[in-house]
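Architecture and fold: a report
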Amino acid sequence: MFNNIIGNINNKMILENAIKNDKITHSYIFSGPEGIGKLLFAKEFAKAILCDSKENKPCNNCKSCVEFENSNHPDFFIIDEQDETIKTEMMKKLTKDILEKPLENKKKIYIINNSENMTREAQNTLLKTLEEPPEYIIIILITTNTNLMLNTIKSRCINIIFNKLSDDELKNYFKEDITKEILKFSEGSISKAIKIKEKEEMYQQINTEIKKIEQLNELEILKLKSIIFNKKEDIEEILEYLNLVFYDIIINNPNNAIKYNNCIKIIENTKRRLKRNGNYDMTIDNCLLSIWEEING
């Protein structure tokens, strides 16, 4: 089990032992940084629970495993909304579906990805199910931020904390085909490393321009805009990358910590403006010029 997933060995043992010893609980929280395999762990755990084999779960050969791999298992569901919030209506539908008994298996499993995006009302709706779950139900909540979840929900779940991957684990995943820069800025996340690696030239340009920003004049800073102007679909990742560059500068030059911390605040404010559908060009212009002014006084 979990042989195809890198890292978090202790969590592999915890989940494997839960299945071997028939100590599976009704509700779990898988928490930890983005892009380290929490959803993969949850799916493999669910597949093993539903497996018809009496040992060596998941067997990958039984009817349940085949259905699971073909994404048509009638007793397995993933809620993975792309919207910023998971609303009450969705949780009401889910809790209603939960009351229907499994079709093929003894268990019925729901994974809610990005569960921190549930509104407070949606969480309260789910809470009613967590307080009195049907005996056949298993719910796995996946989150990068448990602070956004109700304490009453957290208290009713087993929280399994996932850690970022080590440099050696990332090197193993990429078969050594990864630079020191990507390792540093990926923060132990496979998904971040993949995104940076796919557009390595762009990120290297951004890094270069930011590192020499103190030598640039007000007009030259707009060169940075020209790099990212047509990258609207990647702007969240780019802004997060800028934050990582600023963190790196702070670590290596703590004397400049205040102004670079202020740059991070500017980035966070820019993220909020874009989420509120602020004018893209104007917001990015203001962001870059504000950063230049902060750094150059």
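Above: the structure in question.
Below or above, wherever it landed, is the structure these notes cover. (Residues numbered from 1 in each chain as written. Predicted model: local features only at pLDDT ≥ 70, side-chain atom pairs only at ≥ 80, totals over all residues. Heavy atoms only, no water.)

We now examine empty space enclosed by the protein. Within this structure, the stated rule accounts for 1 cavity of 30 Å³ or more. Size it by volume and the largest cavity reaches roughly 70 Å³. Every residue lining the largest cavity is listed: E181, I182, F185, I196, E200, Y203, Q204, N207 and Y241. Those elements that provide at least two residues to the lining of the largest cavity are α8 (180–186) and α10 (200–211). In terms of residue count, α10 provides more of the lining of the largest cavity than any other element does, 4 residues in total. A class-by-class count of the residues in the lining of the largest cavity yields 5 nonpolar, 2 polar and 2 charged. (1 Å grid on protein atoms, 1.4 Å probe; cavity = no way out; pocket = protein on both sides within 12 Å on 5 of 7 lines; lining within 4 Å. Points joined across faces, edges and corners; volume = space filled by probe spheres on them. Helix = DSSP H or I, 4+ residues; strand = E, 2+ residues; numbered from the N terminus. Nonpolar A, V, L, I, M, F, W, Y, C, P; charged D, E, K, R; others polar.)

Further remarks concern the nonpolar core. What tends to happen in soluble globular proteins is that the nonpolar side chains get buried as a cluster. By size, the foremost hydrophobic cluster in this structure holds 45 residues, and its most contacted members are I206, I210, I213, I235, F246, Y260 and I291. Elements that contribute at least two residues to this core include exactly α8, α9 (190–198), α10, α11 (222–228), α12 (235–252), α13 (257–275) and α14 (280–296). Apart from residues lying up to four places away in sequence, I291 is in contact with I213, F246, C263, I266 and I267. (Core = buried A, V, L, I, M, F, W, Y, C linked by side-chain atoms within 4.5 Å. Buried < 20%, exposed > 50% of the residue type's maximum accessible area, 1.4 Å probe, protein only. Contact = heavy atoms within 4.5 Å.)

Here the focus is the pattern of salt bridges. Tallied over the entire structure, the rule returns 14 salt bridges. Among the salt bridges present, the one from E237 reaches K195, with a minimum N-O distance of 3.2 Å. Taken together, the residues span a long stretch of sequence, with E237 in helix α12 and K195 in helix α9 at a distance of 42 residues. A relative accessible area of 27% means that E237 is categorised as partly exposed. (Salt bridge = Lys/Arg side-chain N within 4 Å of Asp/Glu carboxyl O.)

Pairing in this open sheet of 5 strands is parallel, and the strands run β2-β3-β4-β1-β5 from one edge to the other. Only two strands of the sheet have a single partner each, and these edge strands are β2 (76–79) and β5 (158–161). Taking each pair of neighbouring strands and ignoring which way they run, the sheet shows an average axis angle of 15°. Where β2 meets strand β3 (residues 108–112), 4 bridges bridge the pair, whose relative direction is parallel. (Pairing = 2+ DSSP bridges. Axes fitted to C-alpha atoms, helices over the stretch in contact; angles between N-to-C directions.)

Here the focus is the packing of aromatic side chains. The relation between two aromatic rings is expressed through the spacing of the ring centres and the mutual angle of the planes. Counted under the stated rule, the structure contains 12 aromatic pairs. With 4.6 Å between their ring centres and 50° between their planes, Y203 and Y241 make a pair best called tilted. Within this pair, whereas Y203 is found in helix α10, its partner Y241 is found in helix α12, the two being separated by 38 residues in sequence. Each member of the aromatic cluster is reached from another via a ring pair, and the members are F2, Y28, F30, F41, F45 and F162. (Phe/Tyr/Trp six-rings, centres within 6.5 Å; stacked < 30°, edge-to-face > 60°.)

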